[in-house]
Amino acid sequence: MDEKMMQILGWVATVTAMAMYFSYIPQITHNIHGDKGDWLQPLVAAVNCTLWVIYGFAKKPKKDWPIVVANSPGIFFGFFAFFTAL
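Each chain has its residues counted from 1, following the order in which its sequence is written. In view of the model being predicted, local features appear only for residues whose pLDDT reaches at least 70, and side-chain atom pairs are presented and counted only at 80 or more, with totals across whole chains, interfaces and linings using the full set of residues. Side-chain metrics in this entry use all non-hydrogen atoms of the structure; hydrogen atoms and water are not considered.

**Q** Teacher, can you tell me more about helix 3 (residues 40–58) here?
**A** For an α-helix the count is 3.6 residues per turn, leaving residues at separations of three or four pointing the same way. Put simply, DSSP H or I for four residues or longer makes a helix, DSSP E for two residues or longer makes a strand, and each gets a number counted from the N terminus. Here, expected helix span is obtained from the residue count minus one, scaled by 1.5 Å. When the terminal C-alpha atoms of helix 3 are compared, their 27 Å separation across 19 residues agrees well with the 27 Å that a helix rising 1.5 Å per residue should span. Between buried and exposed lies partly exposed: a residue is buried under 20% and exposed over 50% of the maximum accessible area for its type, with that area taken using a 1.4 Å probe on protein chains only. Where helix 3 is concerned, the buried positions are Pro42, Ala45, Ala46, Cys49, Val53 and Gly56. Looking straight down helix 3, one finds its buried side chains confined to an arc of 100 degrees; they lie on one side. Turned more than 90 degrees away from the buried face of helix 3 sit Leu51 and Ile54, all of them exposed. In this description, contact between two residues means that some pair of their heavy atoms is separated by no more than 4.5 Å. Buried residues along helix 3 sit in contact with helix 1 (3–22), helix 2 (24–32) and helix 4 (65–85). Think of it as the arc spanned by the lines of direction from the helix axis to the C-beta atoms.

Right, dumping it as structure tokens:
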């Protein structure tokens, strides 16, 4: 696969990953309204996303922006879903 196709694939994967993390919004809403959901999966997702963002920023010779952008919402929504589920 050439470089241009890899870049397109990276950004398409970024959008789908972000959609996956935005899907925590219904769970967060249920948690806030007292119908508590599972806390373990969002916590593990948030830790995983944190590690991927660190990796993306640390990548040499240049940062891996699709990885950073794709996983950033997972940090916020994962930890928020975790804390609201407690």
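**Q** Please explain helix 2 as it appears in this structure.
**A** Every buried residue of helix 2 is listed here: Tyr24, Ile28 and Asn31. Down the axis, helix 2 shows its buried residues gathered within 60 degrees of arc, on one side only. Just beyond helix 2, the residue with positive phi is glycine 34, at close to 95 degrees.

**Q** Could you clarify how one ought to interpret the packing of aromatic side chains in this entry?
**A** In this description, a pair of aromatic rings is defined by centroid distance and the angle of the planes. Pairing of aromatic side chains requires ring centres within 6.5 Å, counting the rings of Phe and Tyr and the six-membered ring of Trp. Pairs whose planes differ by under 30 degrees are stacked, by over 60 edge-to-face, and all others tilted. For the structure shown, the criterion picks out eight aromatic pairs. Among the aromatic residues, those joined into a ring-pair cluster are Phe22, Phe76, Phe77 and Phe80.

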